[in-house]
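Residues per chain are reported as follows:
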Amino acid sequence: MRQFDLCLSSEGSEVVLATSSDEKHPPENIIDGNPETFWTTTGMFPQEFIICFHKHVKVEKLIIQSYLVRTLKIEKTKSKEPVDFERWIERDFVHTEGQLQNEEILVHDGYCTYLRFIITKAFDHFISVHCVSAEGLVVSNHS
Amino acid sequence: MVKLAAKCILAGDPTVGKTALAQLFRSDGVHFQNYTLTAGVDLVVKTVPVPDTGDSVELFIFDSAGKELFSEMLDKLWESPNVLCLVYDVTNEQSFNSCGKWLEKVRAQAPGTTLPGVLVGNKTDLAGRRAVDSAQAQAWALGQGLECFETSVKEMESYEAPFHCLAKQFHQLYRERVDAFHTLV
Ligand SMILES: Nc1nc2c(ncn2[C@@H]2O[C@H](COP(=O)(O)OP(=O)(O)OP(=O)(O)O)[C@@H](O)[C@H]2O)c(=O)[nH]1
Ligand SMILES: [Mg+2]
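Position labels on residues start from 1 in each chain and follow its written sequence. Whichever chain is written first is A, and whichever ligand is written first is 1; the rest continue in order. Only residues with pLDDT of at least 70 are given local features in this predicted model, and only at 80 or more are side-chain atom pairs given and counted; all residues enter the totals for whole chains, interfaces and linings. To get the side-chain values, all heavy atoms of the structure are used, and hydrogens and water are removed first.

A word on the overall build of chain A. Each helix corresponds to a stretch of at least 4 residues labelled H or I by DSSP, and each strand to a stretch of at least 2 residues labelled E; elements are numbered beginning at the N terminus. Along its length, chain A carries 0 helices and 9 strands. In chain A, the succession of α and β elements from N to C terminus is β-β-β-β-β-β-β-β-β. Compactness check: chain A gives a C-alpha radius of gyration of 14 Å against a globular reference of 15 Å for 143 residues, within 12% of the reference. When its C-alpha atoms are laid out on the principal axes, chain A stretches across 40 × 30 × 25 Å. The burial tally for chain A puts 56% of its 143 residues in the buried class. We call two residues in contact whenever any of their non-hydrogen atoms come within 4.5 Å of each other. Counting only contacts in chain A whose residues sit at least 6 apart along the sequence, the fraction spanning at least 24 positions is 76%. On chain A, roughly 6700 Å² of surface is accessible, and the fraction owed to carbon and sulfur atoms is 46%. Counting rule applied: Lys, Arg positive; Asp, Glu negative; His and chain ends not counted. One atom stands in for each charge, and that atom is NZ of Lys, CZ of Arg, CG of Asp or CD of Glu. Across chain A, the mean location of the 14 positive side-chain charges is 6 Å away from that of the 22 negative side-chain charges. To get the radius of gyration, use the C-alpha atoms; to get the globule rule, take the number of residues to the power 0.38 and multiply by 2.2 Å. Only protein chains enter the area calculation, which uses a 1.4 Å probe; residues under 20% of their type maximum are buried, those over 50% are exposed, and those in between are partly exposed. The method behind every accessible area is Shrake-Rupley, applied with a 1.4 Å probe, and residues are considered shielded solely by the protein chains displayed.

As structure tokens, this is what we get:
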């Protein structure tokens, strides 16, 4: 089994929900593999997005590149549909003036079909998410 | 086209006309009526277009009771505000003098961020009873970085301008932040 970025849209993943959308900075930018493009939130928190892998995966490490995020919660589910999310990870980020936040999270029990990212607090009115990648394995190609 | 969403705190002493202003704005100036004092909080939601952009801002206006100035309840309700509408009554000097305290209370909820805001002097229809000078209010607002307006909710005068100004300021802030996001990589 080969190790690669499970989140990439070029590998078949998809953002199936985002609570904010500016058509100039759409949520697809999170998983296009390019940190120069980003998704912005457009209002009050919490804000969230859901990544669908379209397969069963086992995530071992998450890397999140963002700006002005203060608290991030991550939930996961193994369902066919984006339902029954269970609480998984909660992180407080530090404020990185003028440069991207780069958070690497080693995770346990990363079996899932969908991941849900909830930004509950921010350091400013708006935040950006430039990249989310997940290192891990494909368990089964059926979701 | 983007639709922003802003939590707008409506603050000021009791009876200055906060509820009257918010309700008139909600009903597009359909009617002015008497309101009894607000208990707890009312929420008014309204979308305001930003001129020349195709964009808009959905304002979530939190109308709380003026008697709660020192209450801790507001600290929770006012968490993470985006914009501020500070109201006083031009016939009531005390209500103007309280504005500093209100401003402080709201700003304490948004440490380290810019909080766009407007100062609104209401009840200009009661011209004979005016106790707060426009120039005086303007000078104070300028010093605090607030845009200054006068309204008469009763006469349905200028009641939209403060909210349109807030929407515009918030939209401007969004543009500035997005420009900054572009420079990160
Ligand atoms: N003459 C005059 N009266 C006004 C105007 N705006 C509001 N009022 C009156 O002022 C009184 C108080 O108005 P409210 O809107 O309830 O005041 P409030 O600021 O919400 O007060 P609290 O909820 O107690 O904090 C009401 O009787 C209104 O009719 C105005 O422009 N002119
Ligand atoms: Mg009221």
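More follows now that the structure is in view.
Residue and element names in this part refer to chain A. Buriedness of a pocket was judged along seven lines, with at least five required to meet protein on both sides within 12 Å; pockets are open sets of points on a 1 Å grid over the protein atoms alone, cavities are sets where a 1.4 Å probe fits but cannot get out, and lining residues have an atom within 4 Å of a point. Grid points are joined across faces, edges and corners, and a volume is the space filled by probe spheres set on the points. Throughout the structure, instances matching the rule amount to 2 cavities of 30 Å³ or more. The space that makes up the largest cavity amounts to roughly 40 Å³. Along the walls of the largest cavity sit Phe49, Ile64, Ser66, Val69, Leu72, Phe93, Phe117, Ile119 and Val129, which together make up its complete lining. Of the residues forming the lining of the largest cavity, the biggest block, 3 residues, is contributed by strand β4 (residues 47-67). Here the second largest cavity defines a volume of roughly 30 Å³. Lining the second largest cavity we find Phe4, Leu6, Glu11, Ser13, Phe53, Lys55 and Val57. Residue classes follow a fixed rule: Ala, Val, Leu, Ile, Met, Phe, Trp, Tyr, Cys and Pro count as nonpolar, while Asp, Glu, Lys and Arg count as charged, and any other residue, Gly among them, counts as polar. Class assignment for the residues of the lining of the second largest cavity results in 4 nonpolar, 1 polar and 2 charged.

Further remarks concern helix α1 (residues 18-26) of chain B. Residues and elements named next belong to chain B. Along α1, 8 of the 9 residues are buried, which leaves the element largely enclosed by surrounding structure. Within the sequence span of α1, burial applies to Lys18, Thr19, Ala20, Leu21, Ala22, Gln23, Leu24 and Phe25. Taken together, the buried residues of α1 touch β1 (3-11), β2 (41-49), β3 (56-64), β4 (83-89) and α6 (161-182).

Next up on the list: the site of ligand 1. All names here are of chain B. Close contacts around ligand 1 come from 22 residues, with Lys18, Ala20, Asn34, Gly66 and Asp125 the closest. Contacts described as polar in this section are N or O atom pairs within 3.5 Å, which, within protein, must combine one atom able to donate a hydrogen with one able to accept it, while residues neighboring in sequence count only if both atoms come from side chains. At 2.9 Å from an oxygen atom of ligand 1 is found a main-chain nitrogen or oxygen belonging to threonine 15. Here a nitrogen atom of ligand 1 and a side-chain polar atom of asparagine 122 are 3.0 Å apart. Burial of ligand 1 by the surrounding chains reaches 89%, relative to a free accessible area of 660 Å². Counting residues per element, the shell around ligand 1 draws most heavily on α1, at 3 residues. For the shell around ligand 1, the per-class residue count stands at 9 nonpolar, 8 polar and 5 charged. The rule for a residue being near a molecule or strand is that one of its heavy atoms must lie within 4 Å of it.

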